[in-house]
Structures are given as C-alpha cells and as structure tokens.
Amino acid sequence: AAFGEVYGQTGPPLWEQLGETEKGIYERILTTSKDSLRKVETEIAQNSWVAARAALRMDAYEVRKAMVRITDASGSKEAKELYGKFKRQIEALDAALVNK
C-alpha cells in the first residue's frame, strides 16, 4: 500500500504528536477565537441573527481543529469532556440562530 509501513522504516518521522511550533499556532487560534465569540454576542444583542451565525461559523473549523489537536495531545479525560461540552454548546447556538 502506498501509505503502509514504508514511511516508518526510513528514519525519524517528520510529524510529531504536537510540536512546540504547532502548539503555539493552535494556542493563538484559540486565543483569537475568544474575540470571534465576543463578536457573536454583540450580533445577538443587536438581533442580527444572520451576522451572528456568520461570525460563529467564521472560525469554527480552525477552532475545532486546534481543540482536537491540543485535547488529543494532552491525553486528559477532562479536556476531552470539556471539548465535547464546548462543541455541543456551539452546535446548540448555531441551531438556535438558524431557527431565529
């Protein structure tokens, strides 16, 4: 197979579980996502439902990726539970905005 064991036998891996550079990038994404979520709150307060949903979805994929990588690297059961809770809350908010 093209992605079989060949790559594991050719020397040190190019990919690490979560290197310091990658960790820094994901931490920056999570920090800036706080500002994005505050913008959602502002749009909701102004009854701008479409704008609120757009603001919520703007960074959703990057935030999800960052949270998954950091949570997986931590190996913490609590971190996984908190990520699950955050994900459910964001999905519920998105559904409520759609219904508005």
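Check the entry above for the structure.
Residues numbered from 1 in each chain as written. Predicted model: local features only at pLDDT ≥ 70, side-chain atom pairs only at ≥ 80, totals over all residues. Heavy atoms only, no water.

### Focus on the packing of helix α1 (residues 20-45) against helix α4 (residues 77-99)
Here is step 1 of the chain: Orientation of α1 relative to α4, taken along the N-to-C sense of each, is 30 degrees, at an axis distance of 13 Å. If you check the angle between α1 and α4, you find them roughly parallel. Judged by the sense of rotation from one axis to the other, the crossing of α1 with α4 is left-handed. Counting all contacts with α1, which are made through Leu37, Val40 and Ile44, the residues of α4 involved are Phe86, Ile90, Leu93 and Leu97.
Here is step 2 of the chain: A breakdown of the residues in the contact of α1 with α4 according to their chemical character gives seven nonpolar, no polar and no charged. (Axes fitted to C-alpha atoms, helices over the stretch in contact; angles between N-to-C directions. Helix = DSSP H or I, 4+ residues; strand = E, 2+ residues; numbered from the N terminus. Parallel < 35°, antiparallel > 145°, perpendicular 65-115°, else oblique. Left-handed = near helix turned anticlockwise from the far one by under 90°. Contact = heavy atoms within 4.5 Å. Nonpolar A, V, L, I, M, F, W, Y, C, P; charged D, E, K, R; others polar.)

### Re the nonpolar core
Here is step 1 of the chain: By size, the foremost hydrophobic cluster in this structure holds seven residues: Leu18, Tyr26, Ile29, Val63, Ala66, Met67 and Tyr83.
Here is step 2 of the chain: Sorting the residues of this core by element identifies α1 and α3 (60-74) as the ones contributing at least two each.
Here is step 3 of the chain: Not counting residues up to four positions away in its chain, the partners in contact with Val63 are Ile29, Leu30, Ser33 and Phe86.
Here is step 4 of the chain: If you look at the next biggest cluster of nonpolar residues, it comprises five residues, including Ala52, Ala55, Leu56 and Leu97. (Core = buried A, V, L, I, M, F, W, Y, C linked by side-chain atoms within 4.5 Å. Buried < 20%, exposed > 50% of the residue type's maximum accessible area, 1.4 Å probe, protein only.)

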